[in-house]
Amino acid sequence: MIKEATAIANRLNQWRIQRISNKNFLIILAVIVGITGGLAASALKALTLYIATILQNDVSWDFRGYLYLFFPLIGIMLSVLYVRKFIRAKKMEHGITPILYSISNKSSRMPVHNVYSQIITSALTVGFGGSAGLEAPIVASGSAIGSNIGRFFGLNYREVTMLLACGAAAGIAGAFNSPVAGMVFAIEILLPEFSIPAFIPLLIAAATSSVVSRLLYSEPLFYLVTDSWAFDALFFYILLALCVGLFSVFFNKLNHAAKGWFQKISNQYHRVIISGLVLGVMIFIFPALYGEGYLAIQELLAGKSTSLLGNSIFASYQNIGWLVFVYALVTVFAKAYSTVITLHSGGNGGNFGPSLVMGGILGFAFAYGINLTGLVELSVANFIVAGMAGALSGIMHAPLTGIFLIVEITGGYALMVPLMIVSAITYFINKSVLKYSIYTQALAESGDWLPHEDRDKTVLKMMKLRYVLERNFTILHPDEKPMDRRLDILHTKRNIFPVVDDNQTLIGVIYSEKLFEILIGEASADKTMKELAQPPQDIIRIDANMYEVMRKMDREDIWILPVTDANNKYLGFISKSAIFNKYRALLMRLGNYLE
């Protein structure tokens, strides 16, 4: 069955190569990716809403608050069990970071299971109340759709990467009904170096996904009524930007620290139980933490300033202004902790949605608190929107995505200038403290982040040592003498010989000069290969990083080194000439991608 499907795909591919140019075919595939990504986004939203509706509407109000204590635990546990049961040996990775890693280190290849597993696990996590966003999973699902469609048709790295980005753009466009933000996100986060032609497939994929999503979900995510912004409030927008910028630094550091906290709990089920119960208690105290939290923002934008306390145990105090302010401020930090708990305990979701919610509530608390002083009267809704854009800009290092996304999903085009000011300031605050975004920090620490400004490092890190490994060397054995292998030594084209025992263990190396001296009688012929062998200048492991290998060769002025596995079993040699040849090929491929 698989062979027949492969044969059909090959015939189809040959037919389209003869009749359709790659540029036109890429446009067709962008439409397909857009439709599929829009359907995936709609399916994820529908499934999550279905789970949340069952849990919230089919449970008596008398007990629902107490069940909040256990819903998140159940959702995260189901997500973990799904991964263990159905993904098994496959590695299940969450968020945007694995996508960036795939682009820079895995030739934009993403596992097929991400198409559906991201939807299932994130719907379970967020539908049961996990405090995370759905956008990162749908971006991962869309990226996997694009990547695998490109690979199915045998496209090259540049084209597969473009379709992967189209899938990501379709995911954002479908999740928010915001095609421009989807395109900008793909360019700003996944394709930092782009060209004008890259706009076309991205635009088509994002627009197509948005159309599909709008057919199924016509209601806007948020609705903002505003005519303009007051110039007198400019100073307060700047103050808000400073607050959101500092908070974004706090959240990024908290997210990084949380990874270490949860790694200390080695048993995954213990981690889920502890985290789930803590998360349940937090949601019981702060109901706005349940799921993505968009409902809380919708209520605040509608002018219901007391809605945060409405369904909480503090509902009887909702008319006390200063308590509303304090509760909102505490909710922002509680959302930060609940998000990292959800994501690092085994739940599937992202920081995209929580960033919007945290920024929005922080903007509300800021404007509401200023208004309580009676000195000025700020538009609370405008500051909520500005806070959302600022948080997204700072946390993700994506100011353009923050601006265009908020403008599209709220209709707040009149607020373009405040959004630009707040987004720019929060971005520069976070960037000045933290060199890397929340998506790239882990990759940078592991040495897997390939900044586009360092082209040599990028190309070298794309190489896999096994693809440049040279095996055509004459292997000598420890007990042999040079005269025993006279013909092999004279006819080889190599000037270095590995000495390997019967267990394939590397004993040492012998250079041809020493062997030729023996063969022409200028040196004693009584010594064995083991006695003649000398330790190599260094040994490279097969899983070594090519960038580090090249640095070592340059530093020690070495042109060739033996390669072994982890058990010192001889595999072959790695030479600078082979690296240079592969480097030129990859540089041409990377150049095509960046055109």
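Look up: the structure comes first, before these words.
In what follows, the accompanying structure is described. Note that the coordinates shown come from a computational prediction; the quantities given were computed from them, not determined experimentally.

With respect to the helices and strands, serine 275 occurs in helix H12 (residues 268-285). The spatial distance from the C-alpha of serine 275 to the C-alpha of serine 345 is 6.2 Å, given a sequence separation of 70 residues. Among all residues touching serine 275, those that are not within four sequence positions of it are Phe262, Ile341 and Ser345.

So, on to the side chain of serine 141. Take serine 141: it is sitting in helix H7 (residues 135-152). Here serine 141 falls in the buried class, since its relative accessible area comes to 0%. Of the polar contacts made by the side chain of serine 141, one reaches the backbone oxygen of valine 115; its length is 2.7 Å.

Our next topic: H7. In an α-helix, one full turn covers 3.6 residues, which means residues spaced three or four apart are oriented alike. Counted at 1.5 Å a residue, the expected span for H7 with its 18 residues is 26 Å, and the 25 Å between its end C-alpha atoms agrees. Among the 18 residues in H7, 16 count as buried, and that is most of the element. Positive backbone phi, approximately 65 degrees, marks glycine 154, located one or two places after H7.

A few words now on the sheet that holds strand S3 (residues 540-541). Strand pairing in a sheet relies on backbone hydrogen bonds, with the paired strands running either antiparallel or parallel. A sheet is described by the order of its strands in space; here three strands give the open sequence S3-S4-S5, paired in mixed fashion. The open sheet has two edge strands with one neighbour each: S3 and strand S5 (570-575). Here S3 pairs with strand S4 (residues 560-564) via two bridges, running parallel. Directly across from isoleucine 540, in S4, lies its bridge partner valine 563. Seen against the sheet, helix H25 (residues 546-556) touches S3, S4 and S5 and runs at an angle of roughly 65 degrees to S5.

Summed over the entire model, instances satisfying the criterion amount to five salt bridges. As a salt-bridge pair, lysine 304 and glutamate 299 come within 3.5 Å of each other at their nearest N and O atoms. Residue glutamate 299 is classed as partly exposed on the basis of its relative accessible area, which comes to 24%. Each member of the salt-bridge network shares a partner with another, and the members are Glu480, Arg485 and Asp488.

A cluster of nonpolar side chains, contributed by Ile313, Phe314, Tyr317, Ile320, Trp322, Val326, Val330 and Leu372, occupies part of the molecular surface with about 720 Å² of accessible area. For the nonpolar patch, the element with the highest residue contribution is helix H15 (residues 321-344), accounting for three residues. Relative to the elements of secondary structure, isoleucine 313 occurs in the loop between helix H14 (307-310) and H15.

Turning our eyes to something else, we now look at the environment of asparagine 319. Among the secondary structure elements, asparagine 319 is positioned in the loop between H14 and H15. Put simply, asparagine 319 and threonine 306 are 13 residues apart on the chain and 6.9 Å apart in space, counted from C-alpha to C-alpha.

With that settled, the discussion passes to H15. In a regular helix each residue adds 1.5 Å, so 24 residues correspond to 34 Å; H15 covers 35 Å between its end C-alpha atoms and thus fits that length. Just downstream of H15 lies glycine 346, where phi reads positive at about 130 degrees.

Right, let's get into the packing of aromatic side chains. Using the criterion set out here, one finds 19 aromatic pairs in the structure. Between phenylalanine 366 and phenylalanine 383, the ring centres sit 5.8 Å apart and the planes meet at 25 degrees, which makes this aromatic pair stacked. Remark: phenylalanine 383 occurs in helix H17 (residues 380-396) and phenylalanine 366 occurs in helix H16 (residues 352-372); sequence separation between them is 17 residues. Judged by relative accessible area, which is 13%, phenylalanine 366 ranks as buried. Centroid distance phenylalanine 473 to phenylalanine 573: 4.4 Å. Interplanar angle 35 degrees. Geometry classified as tilted. With phenylalanine 473 in the loop between helix H21 (455-462) and helix H22 (486-491) and phenylalanine 573 in strand S5, this pair connects stretches of sequence that are 100 residues apart. Taking the relative accessible area as the measure of exposure, phenylalanine 473 reaches 7% and is therefore buried. Linked through ring pairs, Phe176, Phe185, Tyr294 and Phe352 together constitute an aromatic cluster. Taking NZ or CZ as reference, arginine 494 lies 4.3 Å from the ring centre of phenylalanine 473, over its face. Stacked on the ring of tryptophan 559, the Lys or Arg lysine 576 has its end atom at 4.9 Å from the ring centre.

Below, the discussion takes up the packing of helix H4 (residues 71-87) against H12. Close contact between H4 and H12 brings their axes to 7 Å; oriented N to C, the two are set at 150 degrees. If you check the angle between H4 and H12, you find them roughly antiparallel. The handedness of the crossing between H4 and H12 comes out as right-handed. Facing Pro72, Leu73, Ile76, Met77, Val80, Leu81 and Arg84 of H4, the residues of H12 in contact are Gln268, Tyr269, Val272, Ile273, Gly276, Leu277, Leu279, Gly280 and Ile283. Taken together, the residues of the contact of H4 with H12 sort by class into 12 nonpolar, three polar and one charged.

Ile96, Leu190, Leu202 and Leu308 are the most contacted members of the largest nonpolar core, which has 133 residues in total. Here this core takes 13 residues from helix H8 (residues 157-176), the largest share from any one element. With residues up to four places along the chain from it excluded, the contact list for isoleucine 96 reads Ala136, Val139, Phe185, Ile189, Leu190 and Tyr439. Within the second largest apolar cluster, 16 residues are counted, among which are Val468, Met546, Met553 and Val563.

The next point concerns the pairing of strand S1 (residues 496-500). The buried count for S1 comes to five of five residues, which makes it a mostly enclosed element. The alternating pattern of S1 places Ile496, Pro498 and Val500 on one face and Phe497 and Val499 on the opposite face, and all of these are buried. Looking at chain direction, S1 and strand S2 (residues 506-511) are connected through five bridges and run antiparallel. Paired with isoleucine 496 across the strands is tyrosine 511, a residue of S2. Connecting S1 to the next strand, S2, in antiparallel fashion are five residues, including glutamine 504 with a positive phi near 65 degrees.

Reading guide: rules and limits
- Residues numbered from 1 in each chain as written.
- Predicted model: local features only at pLDDT ≥ 70, side-chain atom pairs only at ≥ 80, totals over all residues.
- Heavy atoms only, no water.
- Helix = DSSP H or I, 4+ residues; strand = E, 2+ residues; numbered from the N terminus.
- Contact = heavy atoms within 4.5 Å.
- Buried < 20%, exposed > 50% of the residue type's maximum accessible area, 1.4 Å probe, protein only.
- Polar contact = N/O pair within 3.5 Å; in protein donor to acceptor, adjacent residues only side chain to side chain.
- Expected span 1.5 Å × (residues − 1).
- Pairing = 2+ DSSP bridges.
- Axes fitted to C-alpha atoms, helices over the stretch in contact; angles between N-to-C directions.
- Salt bridge = Lys/Arg side-chain N within 4 Å of Asp/Glu carboxyl O.
- Patch = residues over 30% accessible without salt bridge, like charges linked within 9 Å, V, L, I, M, F, W, Y side chains within 5 Å.
- Areas by Shrake-Rupley, 256 points an atom, 1.4 Å probe, with all protein chains shown as cover.
- Phe/Tyr/Trp six-rings, centres within 6.5 Å; stacked < 30°, edge-to-face > 60°.
- Lys NZ or Arg CZ within 6 Å of the ring centre and 35° of its normal.
- Parallel < 35°, antiparallel > 145°, perpendicular 65-115°, else oblique.
- Left-handed = near helix turned anticlockwise from the far one by under 90°.
- Nonpolar A, V, L, I, M, F, W, Y, C, P; charged D, E, K, R; others polar.
- Core = buried A, V, L, I, M, F, W, Y, C linked by side-chain atoms within 4.5 Å.

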